[in-house]
Amino acid sequence: MLSKSVLSAVLALAGTQVATCIPLESSIESAQPSKRWLESGSKVRGVNLGSQFIIEPWMAHDEWQSMGCGNANDEWQCVKALGQEKADAAFKKHWDTWTTQDDISQIKSLGLNTVRIPVGYWIHEDLVADGEHFPRGGLHYLDRLVGWCADAGIYVIMDLHGGPGAQFPNQQYTGHGVSKPGFYTDDNYERAYKFLEWMTERIHTNNNYRTVGTLEVINEPVHAGDYPSQAADMVANYYPNAWTRIRQAEDKLNVAADKRVNIQMMDKSWGSGDPSSHLPDKTLALYDDHKYYKWDGSVKTTKDGYISAACNDNRGGNNVIVGEWSLSVADSVESNNEFGIKNRPDQVDWYRKYWAAQVQTFEKSGGWVFWAWKCNWIGGMDEWRWCYKSAVAAGVIPKDAGSAASLSPC
């Protein structure tokens, strides 16, 4: 997500044509979800496992300090400051404890069916170039995590959240805050393609990955208004080539049509251009919409204004998933008397309605994935507007993710 700046599905086979969707659960595999499932008529209801494999210090302050990362802005800076061996040890402890199997069980118990897992390209360590500074050893913990998800019957969106060279300037989610995005070169595209091929093979050959059904080719790239040539090049070259490399990897493995991954790109609402305009095919294409009303300047910053904006929105069709959103409101009002939450249990009722209004709207599309499951801490407090787990504990988000319709003020 942009820190401080982020299904109803039908699998119809007609000859060789497959509908653009998240496929249904296989009728012959009832005990466990099939490779690419969601139950018939289901919407994506999920959470991001933010800061698991790419730590964003703004949302994990105490964790970052306990690791010895101090004032480092991002993972690159922390590894460089600590030294590789010490950093590896600190990150392994983090990977082992930030998201546990109990977390996955709780996610399932809350009526959620999906997790989105943000990862950096450096989790495939062969792709890390000399002079780059990233932690080593994360793959073991990713394998374990997706295995827990599979055992719980949870669908997984695997998200290339941090690309080679950094796809957006000055953002912790890239793993390396840079003044100019370096992703948009042939060499860095090639590293990303190799990551996607490697991950595709892992999805289809490692049983722990059996419920990983969507592969997102890059998270939150530059906006066309700020970086027109880079955005245009990505749409014209990176997206179609990433698509082709993923499908070629599946061809080599003889993956059947109904077992192929959904390939996800940022939706055109993100502002990088139309992601589908140069694709060689749109079968099983999905689009990722990040909708933070907090940063929408058209929204009137009152309680009625936020509810109205959410209730009257429309994010697109079933192939659009709102992959990031929160309960936060504009910086200028988030701590005032109308919206502040610190020692304010009286605010729970309104924020529950705000949650329900957004969920109801996002389920007009393919569904939603909240940012994030867990935080520690934001602004010196348990800021549950960003943290699903904490919001449930505070009574803001109900224990049944499917109850939005009965709670919505829309």
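These figures come from a predicted structure and were not determined experimentally.

Asks: Which residues make up the environment of L142, and what values go with them?
Replies: Checked against the element boundaries, L142 lands in helix 5 (residues 139–152). On a C-alpha basis, the gap between L142 and L215 in space is 15 Å, while along the polypeptide they are 73 residues apart. Excluding anything up to four places from it in sequence, L142 contacts F53, I117, V119, I123, M158, M199 and Y209.

Asks: Can you tell me about the packing of helix 6 (residues 186–205) against helix 7 (residues 228–252), naming the residues and giving the values?
Replies: The N-to-C vectors of helix 6 and helix 7 enclose an angle of 30°; their axes lie 9 Å apart at closest approach. As helix 6 runs across helix 7, the sense of the crossing is right-handed. Counting all contacts with helix 6, which are made through Y189, E190, A192, Y193, K194, L196, E197, T200 and H204, the residues of helix 7 involved are Q230, D233, M234, N237, Y238, N241, A242, R245, I246, A249 and E250.

Asks: For helix 8 (residues 303–311), give the residues involved together with the corresponding values.
Replies: Among the residues of helix 8, those classed as buried are K303, G305, Y306, I307, A310 and C311. For helix 8, the elements touching its buried residues are helix 9 (348–362).

Asks: Tell me about the packing of aromatic side chains, residues and numbers included.
Replies: Per the counting criterion, the structure on display carries 33 aromatic pairs. Considering the side-chain rings of W64 and F91, the 6.5 Å spacing of their centres and the 85° angle between planes classify their relative orientation as edge-to-face. Of the two residues, W64 sits in helix 1 (residues 61–66) while F91 sits in helix 3 (residues 84–97), which places them 27 residues apart along the sequence. Like W64, the residue F91 is buried in the burial classification. Aromatic ring contacts, followed pair by pair, group Y293, W325, W355, F362, W368, F370, W373 and Y388 into a single cluster. Stacked on the ring of W243, the Lys or Arg R247 has its end atom at 5.0 Å from the ring centre.

Asks: Report on the pattern of salt bridges, specifying residues and quantitative values.
Replies: A side chain of one charge can pair with a side chain of the opposite charge if their charged atoms are brought near each other. Tallied over the entire structure, the rule returns 26 salt bridges. Taking the shortest distance from any N to any O, the salt bridge between R116 and E216 comes out at 3.1 Å. A residue pair is termed long-range when its members are at least 10 positions apart, and R116 in strand 4 (residues 114–120) and E216 in strand 6 (residues 212–216) qualify at 100 residues. The class for E216 is buried, based on a relative accessible area of 0%. The closest approach of N and O atoms between R202 and D143, which form a salt bridge, is 2.8 Å. Here R202 is found in helix 6, whereas its partner D143 is found in helix 5, with 59 residues between them in sequence. Classification of D143 as buried rests on a relative accessible area of 13%.

Asks: Let's hear about the nonpolar core: which residues, and what values?
Replies: Of all hydrophobic cores here, the largest spans 111 residues; its most connected members are I117, M158, Y238, W368 and Y388. Broken down by element, the residue count for this core peaks at nine residues, all from helix 9. Membership of the second largest hydrophobic core comes to nine residues, among which are W58, M59, C375 and C387.

Asks: Lay out empty space enclosed by the protein with the relevant residues and their values.
Replies: Computed from the structure, the largest cavity encloses a volume of approximately 70 Å³. In terms of lining residues, the largest cavity is bounded by F53, E75, W95, G120, W122, I123, E125, P135, R136, G137, G138 and L139. Of the residues contributing to the lining of the largest cavity, the split by class is six nonpolar, three polar and three charged.

Asks: Before we move on, could you go through the pairing of strand 9 (residues 320–324) and cite the residues and values that matter?
Replies: Burial of strand 9 is extensive: five of the five residues sit out of reach of the surface. Relative to strand 9, strand 8 (residues 285–290) is paired through four bridges, and the arrangement is parallel. The residue bridging D289 from the neighbouring strand is V322, located in strand 9. Handedness of the strand 8-helix 8-strand 9 crossover: right-handed.

Reading the values: the criteria
Residues numbered from 1 in each chain as written. Predicted model: local features only at pLDDT ≥ 70, side-chain atom pairs only at ≥ 80, totals over all residues. Heavy atoms only, no water. Helix = DSSP H or I, 4+ residues; strand = E, 2+ residues; numbered from the N terminus. Contact = heavy atoms within 4.5 Å. Axes fitted to C-alpha atoms, helices over the stretch in contact; angles between N-to-C directions. Left-handed = near helix turned anticlockwise from the far one by under 90°. Buried < 20%, exposed > 50% of the residue type's maximum accessible area, 1.4 Å probe, protein only. Phe/Tyr/Trp six-rings, centres within 6.5 Å; stacked < 30°, edge-to-face > 60°. Lys NZ or Arg CZ within 6 Å of the ring centre and 35° of its normal. Salt bridge = Lys/Arg side-chain N within 4 Å of Asp/Glu carboxyl O. Core = buried A, V, L, I, M, F, W, Y, C linked by side-chain atoms within 4.5 Å. 1 Å grid on protein atoms, 1.4 Å probe; cavity = no way out; pocket = protein on both sides within 12 Å on 5 of 7 lines; lining within 4 Å. Points joined across faces, edges and corners; volume = space filled by probe spheres on them. Nonpolar A, V, L, I, M, F, W, Y, C, P; charged D, E, K, R; others polar. Pairing = 2+ DSSP bridges. Right-handed = clockwise from strand over helix to strand, strands pointing away.

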